Structure formats: structure tokens, C-alpha cells
Amino acid sequence: MRAFAPGRVNLVGEHTDYNDGLCLPCAVQAGVTVRISAGDDDVVRARALDLGEDDEFRVDAPPAADGWRAFVRGTVAELRRAGHRVRGGDLEISGDVPRGSGLSSSAALEVALALALIAHGDGPEPDRRDLARLCSRVENEWVGAETGLLDQLASLFGREGEAIRLDMRDLSVTPVALELGDWRLVTVDSGVEHTHAGSGYNDRRRECREACAALGVRSLRDARLDAAAALPAPLDRRVRHVVEENTRVDTAVDALGAGDLPALGRVLDASHASLRDLYEVSVPEVDALVERLRAGGAAGARIVGGGFGGSVLALFRPGAAPPPEAVEVRPGPAARLLPTEDAR
Ligand code: GLA
């Protein structure tokens with residue numbers, strides 16, 4: 001049994017997902033493949049091919065662990081907790097999303113594991129929104145990162161050639177055609193690796209909860225800019241980012257609909273400035289990379305993902321050449337089971 005789950009690039013709508021807000025991701029071609037073959041039904045023997053590391057644990061009682069092992073053990077445990085039949089076996093993991101690049105290798109791993117394990121247990125595929133929530137619990141409870149649902153939904157609902165507008169309030173998914181003509185959308189890795197569990201990510205979540213309490217709203221989707229301005233620093237800045245970032249998602253959707261790519265570039269720039277100055281999740285190396293890309297002809301560039309390192313997303317005008325290390329964003333299809341002999 002083999003399953004593949006893609007990483008994602010978020011065009012705009014960063015740090016809005018856990019605030020019931022809007023996001024505009026696409027699934028990418030790179031991702032994680034999990035292969036499971038029959039073995040001892042009570043024991044999972046796992047191998048991370050890219051790391052050359054192994055793990056082994058009983059299916060009925062996966063103990064806590066660090067690193068990639070937390071994802072495997074957590075996925076097994078959460079699937080069982082949700083009532084899925086999980087059979088042990090020999091499991092191999094390989095991937096081509098660089099870890100810590102902000103392109104969501106973590107969600108790709110959780111989703112590929114979950115799809116492969118469910119199929120190996122002969123279970124039907126569950127509702128994909130439920131599966132996204134289950135995978136997010138793995139990250140929250142086993143890995144220690146209080147991440148939202150953006151990455152899992154992007155991996156599970158991505159569409160070839162399209163971005164998807166996600167409304168986190170009702171988890172609705174709306175396809176948005178990504179027609180770039182001669183423009184080019186690329187990611188460039190800053191080389192500064194991030195982990196959500198160890199970064200300021202969980203601090204930002206706490207600040208958002210504090211801001212909700214102070215504003216008397218259930219989520220920052222309901223926050224108003226004038227009320228936010230009266231909050232003590234830095235909560236005032238955090239709320240302003242979230243409210244304006246939601247607006248930027250719809251500005252980007254309109255820009256894509258109208259084929260107005262310069263406007264999309266301006267959205268990327270505004271998002272970066274906000275993530276840097278208001279939400280304070282950028283780092284100097286990433287800011288320098290954004291500036292370098294702009295100086296090299298990008299019409300807009302911004303940090304992508306949870307922040308504190310990772311990749312930059314940049315939109316290049318026709319005729320302007322991205323640097324050689326840039327990776328073209330080509331929206332790919334959602335997570336899926338692979339035919340066993342597929343050579344991916
Ligand atoms: C990470 C998290 C997501 C989301 C983004 C920021 O990728 O996993 O849930 O919060 O950061 O937009």
C-alpha cells in the first residue's frame with residue numbers, strides 16, 4: 001500500500017487559519033510518500049529513508065517520541081482513537097519537501113501516513129475534513145506545535161493548476177484558477193530551518209487568545225480594527241495583521257480573477273511587511289532574501305508558512321529571471337493512494 005501527500009505553498013493568508021480566517025494555498029508537486037507492506041500486525045516497523053533512521057513500536061500503545069517518530073506514533077494513536085482499524089507492518093517514508101522549509105513537510109507526512117495506514121487496515125477513506133482535523137491533532141498533541149488546519153486541508157484538497165480559497169470558519173474550499181501567463185511564481189529556501197514546536201508559533205497563538213478575550217470576540221475573524229487599535233502592544237499589532245491579512249486573501253482572489261498580476265505582487269509585498277512588522281514572525285535572513293528577490297525583478301515577495309525561517313514566495317514579471325536555486329510553484333493534485341507499481 002502506498003500513499004502520497006503533497007506539501008503546500010500558501011499564496012497569502014498567513015496566521016489566519018487558527019483565527020477562523022481566510023487562506024489561499026495550493027498543493028505543490030513535492031511531498032511525502034509512505035509505503036506499508038504486511039508484517040507483524042501488532043507492531044509498526046518504520047524507516048525514514050531520507051534520514052536513515054528506524055523506529056519500532058506496538059500498535060496498541062505507541063509511546064511519545066521526538067522528531068519524525070512523533071508523527072508516525074501519533075498518527076497510529078490518533079487513528080486508533082478515532083476508531084480506525086490500524087494494522088502493523090513495515091513502513092517506509094520518503095519525501096522531497098525540504099524539512100523546515102515552510103512548505104509543510106509535516107502535514108504531508110501526517111496525511112500520507114494516515115491515508116496509507118487506513119488503506120492498509122482495509123478501511124474506507126474518511127471524510128477529508130475529519131482527516132485534516134485528525135492529522136492536526138497529531139501535530140498539536142504529539143509534536144507539540146499548536147498549528148491550525150491550513151496545511152492539512154491544502155494537502156487533502158489541493159487541485160492541479162489551481163489554488164484554493166479556504167474559509168476556516170466553515171471549512172469551505174473554493175477553487176481559484178492560477179493563470180500566470182508569462183509571470184512566474186517561485187519559492188526560494190532561505191536556508192534558515194524552522195520548527196513550529198520550538199519557535200514563537202505557540203506564543204502567537206497565545207497572544208491571539210489573549211486578544212480575543214480582551215476584545216470579547218470568539219475568534220479574531222470578528223475583530224474590528226478600531227477596537228484592536230485600543231489593545232496594549234503587541235496585541236494591537238497582532239490583530240491588525242490578522243484582520244488585514246484576511247482582506248488580502250480576497251484582494252488576491254480578485255487580482256487572479258482579473259488577471260491583474262501586478263496587484264497580486266503588491267499583495268505579497270504587503271503581506272510580508274505585515275508578517276515582519278506587525279506579526280513579527282520573520283527573521284533578518286528572510287528579510288534580506290525578500291529584498292534580494294525584489295531587487296532582482298520580483299513584483300512581490302513574502303515569507304511563506306509559519307515563519308521564523310523557511311522559504312520566500314516570489315512573483316516574477318515576464319522577462320525577469322528568478323535565481324537559479326528558485327523552485328517553480330506548479331499546483332499539483334491532492335493527497336492520494338498510489339498504484340503499487342507506480343514509480344514515484
Ligand atoms: C504553519 C501552520 C499552519 C498555519 C501557518 C501560518 O504552516 O502549520 O497551520 O498557521 O503556519 O499561516
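Model, not experiment: these values are computed from the prediction. (Residues numbered from 1 in each chain as written. Predicted model: local features only at pLDDT ≥ 70, side-chain atom pairs only at ≥ 80, totals over all residues. Heavy atoms only, no water.)

The ligand sits among 13 residues. The nearest are E14, H15, D17, D151 and Y201. Contact distances for the ligand include 2.6 Å between an oxygen atom and a backbone N or O atom of H15. One nitrogen or oxygen atom from the side chain of Y201 is found 2.5 Å from an oxygen atom belonging to the ligand. Taking 310 Å² as the accessible area of the ligand by itself, protein coverage stands at 99%. Structurally, the ligand is housed in the largest cavity. A per-class count over the shell around the ligand returns three nonpolar, six polar and four charged. (Near = heavy atom within 4 Å. Polar contact = N/O pair within 3.5 Å; in protein donor to acceptor, adjacent residues only side chain to side chain. Areas by Shrake-Rupley, 256 points an atom, 1.4 Å probe, with all protein chains shown as cover. 1 Å grid on protein atoms, 1.4 Å probe; cavity = no way out; pocket = protein on both sides within 12 Å on 5 of 7 lines; lining within 4 Å. Sits in = over half its atoms within 2 Å of the grid points. Nonpolar A, V, L, I, M, F, W, Y, C, P; charged D, E, K, R; others polar.)

Taking a probe equal in size to a water molecule and rolling it over the atoms shows the remaining empty space. Under the definition given, this model contains one cavity of 30 Å³ or more. In this structure, the largest cavity occupies an estimated 110 Å³ of space. Together, 13 residues line the largest cavity, and D17, L150, D151, Y201 and G306 are the ones closest to its centre. Partitioned by chemical class, the residues of the lining of the largest cavity number three nonpolar, six polar and four charged. (Points joined across faces, edges and corners; volume = space filled by probe spheres on them.)

Right, let's get into the environment of C135. Within the fold, C135 resides in helix α3 (residues 128-143). With relative accessibility at 1%, the residue C135 sits in the buried group. Along the sequence, C135 and C23 sit 112 residues apart, while their C-alpha atoms lie 18 Å from each other. Setting aside its immediate chain neighbours within four residues, C135 contacts E110, V111, A114 and Q152. (Helix = DSSP H or I, 4+ residues; strand = E, 2+ residues; numbered from the N terminus. Buried < 20%, exposed > 50% of the residue type's maximum accessible area, 1.4 Å probe, protein only. Contact = heavy atoms within 4.5 Å.)

Keep in mind these values describe shape, not function.
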